[in-house]
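# Close look at the chain arrangement
One-letter residues, chain by chain:
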Amino acid sequence: MHRYDVVIIGAGLSGIIAAQKLKQSNYRVLLLEKGPRVGGRLATKKYSKGKADYGAQFFTVRSDELNQEVQGWLAKGWVKQWFGENYPRYTSIDGMQEFSRRLAVNLPLFLSRNVSYINDQGSHFLLGDEEGKVYESERVICTMPAPQTLSLLANSSLCIEQSAQGALRMLTYEPTYVGLFQFDRPIVFPKNGHMNKKLLSGVERIVDHQKKGISSEVIVSVYMTADWSVNHDGEKDILELMREKTASYLDFHALVSQQLETWRYAQSADTHPHPFLQLDKEARIFAAGDAFLRADDQTGRTRFESAFLSGYDIASHLRN
Ligand SMILES: Cc1cc2nc3c(=O)[nH]c(=O)nc-3n(C[C@H](O)[C@H](O)[C@H](O)COP(=O)(O)OP(=O)(O)OC[C@H]3O[C@@H](n4cnc5c(N)ncnc54)[C@H](O)[C@@H]3O)c2cc1C
């Protein structure tokens, strides 16, 4: 069996960045992703003539590390400044999932591999997926939301530090409902297609992807707040409630199709004050991802940049 230096569980942004950086230093690295595509919460729905982001819509930049990377992405034409003159909001030129796919090109990666256990063999780990495939690695990085890491650890044979388990348990996540509405004609909207002010309570953001510049069809994402999503958890007619909440902005007489996306772990209500977490005594297994923030992070929020920096920092740590 091939033995990897590092297996990274999860091909969201943090996993992709960690894999990129480790590969650049000639580590034998492997990404295992349970979904059929990379990106995780950088997610885009495709339509016959259009597309719509339904995870992260844009990202902001505060750190030098991300800023340097963004200059490269701008030069390659992968991202553009969407809005915000003084404080730019960047987005992918053709959908956030497509952007993550570009980032992951040439990375050793298996899709549709749901890792279900990790067993410690002393000198290395054996990781198994739901289909019975087994992978051997000296180190492991878990990049999924903390509750998913905890359930994987509970199904594994590992010596995890109590304090690390406690730190993971602190990271509780909030859900988010996102409605995708397709219209047969342009709708009145701000020029840039983004609205997050003066909305009815419960509505976080509305985005028109035609005006955002990534769709030839009019497809609108409606993001509900975490509180609203918790309070309406499991209700039957979420889309109908969303239509009622947004009827003064969107003309539902022109509605062609609608779809509901539910993020169980959209963002963490709490964050960890370090960009990654060592889980064992010997520093062979780690947790990373957007909830792990640098100590000097001023925002205290899980976001694209915190995922990027977490992947960046865990890779630097292992290389050092
Ligand atoms: C609705 C929504 C809106 C958002 N809006 C914004 C925004 O506008 N701006 C912004 O900056 N941020 C936004 N974010 C946050 C941003 O998307 C995330 O912070 C970032 O994408 C998280 O990346 P990650 O790599 O940490 O985690 P994820 O993207 O969650 O990646 C983890 C990956 O692990 C995989 N995985 C889980 N379990 C297993 C397993 N057992 N085996 C294998 N793979 C597994 C998952 O499938 C997933 O692909 C938003 C998020 C959501 C949900």
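Sequence order as written defines residue numbering, which begins from 1 separately in each chain. Totals for whole chains, interfaces and linings use all residues, but because this is a predicted model, local features are given only for residues with pLDDT of at least 70 and pairs of side-chain atoms are given and counted only at 80 or more. Hydrogens and water are ignored here; the side-chain numbers use all heavy atoms of the structure.

Keep this limit in mind: UniProt positions are given in the numbering used here, feature names are shortened, and annotations may be inferred rather than shown by experiment.
Per an unreviewed UniProt entry, the protein chain carries the name FAD-dependent oxidoreductase and comes from Halobacillus shinanisalinarum. Within the UniProt record for the protein chain, the comment given under Cofactor (unreviewed entry) is "FAD".

## As for empty space enclosed by the protein
Let me state the cut-off plainly: Throughout, the protein atoms alone are placed on a 1 Å grid, and a set of points is a cavity if a 1.4 Å probe fits but cannot get out or a pocket if it is open with protein on both sides within 12 Å along at least five of seven lines; lining residues have an atom within 4 Å of a point. Grid points are joined across faces, edges and corners, and a volume is the space filled by probe spheres set on the points. Every helix listed is a DSSP run of H or I at least four residues long, and every strand listed is a run of E at least two residues long, numbered separately from the N terminus. In this classification, Asp, Glu, Lys and Arg are treated as charged, Ala, Val, Leu, Ile, Met, Phe, Trp, Tyr, Cys and Pro as nonpolar, and every other residue, Gly included, as polar.
What the rule picks out here adds up to 1 cavity of 30 Å³ or more. Volume-wise, the largest cavity comes out at about 30 Å³. Together, Thr 44, Lys 46, Lys 51, Asp 94, Gly 95, Gln 97 and Glu 98 line the largest cavity. Sorting the residues of the lining of the largest cavity by element identifies strand 3 (44-46) and helix 3 (96-104) as the ones contributing at least two each. Among the residues making up the lining of the largest cavity, the classes are represented as no nonpolar, 3 polar and 4 charged.

## A short note on a negative patch on the surface
Quick note on the threshold: Residues enter patches when their relative accessible area tops 30% and they take part in no salt bridge; the joining distance is 9 Å for like charges and 5 Å for the nonpolar side chains Val, Leu, Ile, Met, Phe, Trp and Tyr. The method behind every accessible area is Shrake-Rupley, applied with a 1.4 Å probe, and residues are considered shielded solely by the protein chains displayed. Any carboxyl oxygen of Asp or Glu that lies within 4 Å of a side-chain nitrogen of Lys or Arg is treated as forming a salt bridge with it. In this tally Asp and Glu are treated as negative and Lys and Arg as positive; neither His nor the chain ends contributes. By convention, charge coordinates are those of NZ in Lys, CZ in Arg, CG in Asp, or CD in Glu. With a 1.4 Å probe rolled over the protein chains alone, any residue whose accessible area is under 20% of its type maximum counts as buried; one over 50% counts as exposed, and the rest are partly exposed.
Among the surface-exposed residues, Asp 233, Glu 235, Asp 237, Glu 240 and Glu 244 lie close enough to one another that they form a single negatively charged patch. Inspection of the secondary structure puts Asp 233 in the loop between helix 7 (226-231) and helix 8 (238-246). We classify Asp 233 as exposed; its relative accessible area is 59%.

## Section: the pattern of salt bridges
One pass over the structure, following the stated rule, counts 19 salt bridges. The salt bridge partner of Asp 5 is Arg 28, with a shortest N-O separation of 2.7 Å. Pair noted here: Asp 5 is in strand 1 (residues 3-9) and Arg 28 is in the loop between helix 1 (13-24) and strand 2 (29-32), with a separation of 23 residues, a long-range link. For Arg 284, the salt bridge goes to Asp 120, with nearest N and O atoms at 2.6 Å.

## So, the site of the ligand
Convention followed: We call a residue near a given molecule or strand whenever any one of its heavy atoms falls within 4 Å of it. Each polar contact in these results corresponds to two N or O atoms within 3.5 Å; when the atoms are within protein, one needs to be able to donate a hydrogen and the other to accept it, and residues that are neighboring in sequence are counted only if both atoms are side-chain atoms. All domain edges in this entry derive from an automatic or database-based domain assignment.
Taken together, the neighbourhood of the ligand is formed by 32 residues, with Ser 14, Glu 33, Arg 41, Phe 58 and Asp 290 sitting nearest. Between an oxygen atom of the ligand and a side-chain N or O atom of Asp 290, the distance comes to 2.7 Å. Between an oxygen atom of the ligand and a main-chain N or O atom of Arg 303, the distance comes to 3.2 Å. When the ligand sits alone it has 1,000 Å² of accessible area, and the protein chains cover 92% of it. When residues of the shell around the ligand are traced back to their parent elements, those giving at least two are helix 1, strand 15 (255-268) and helix 9 (304-319). Across the shell around the ligand, the residue classes break down as 15 nonpolar, 11 polar and 6 charged. Residue-level mapping places the shell around the ligand at the junction of two domains, with at least three residues from each of domain 1 (3-43 + 59-172 + 270-319) and domain 2 (173-267).

## Points about the nonpolar core
As a reminder, the rule being used: To qualify as a nonpolar core, a set must consist of buried Ala, Val, Leu, Ile, Met, Phe, Trp, Tyr and Cys residues joined through side-chain atoms within 4.5 Å. We call two residues contacting when some pair of their heavy atoms lies within 4.5 Å.
Ile 8, Phe 59, Trp 73 and Phe 304 are the most contacted members of the largest nonpolar core, which totals 38 residues. For this core, the secondary-structure elements that each account for two or more residues are strand 1, helix 1, strand 2, helix 2 (64-76), helix 3 and helix 9. Apart from residues lying up to four places away in sequence, Trp 73 is in contact with Phe 59, Leu 66, Trp 78, Val 79, Phe 99, Leu 103, Phe 304 and Phe 308. Of all hydrophobic cores here, the second largest spans 30 residues; its members include Val 115, Ile 118, Leu 150 and Ala 291.

## With respect to the pairing of strand 9 (residues 125-129)
Consecutive residues of a regular strand have side chains that alternate between opposite faces of the sheet. Counted only if it meets this: Any two strands are treated as partners once DSSP identifies two or more bridges connecting them.
For strand 9, the tally of buried residues reaches 4 of 5 residues, placing the bulk of the element in the interior. Relative to strand 9, strand 8 (residues 115-120) runs antiparallel, the two sharing 5 bridges. Bridge pairing links Val 115 to Asp 129 in strand 9. The turn joining strand 8 and strand 9, which pair antiparallel and follow one another in sequence, is formed by 4 residues; a positive phi near 95° is taken by Gly 122. As judged from the 4 bridges shared by strand 9 and strand 10 (residues 134-142), these two strands associate in the antiparallel manner. Bridging across to strand 10, Leu 126 finds its partner in Glu 136.

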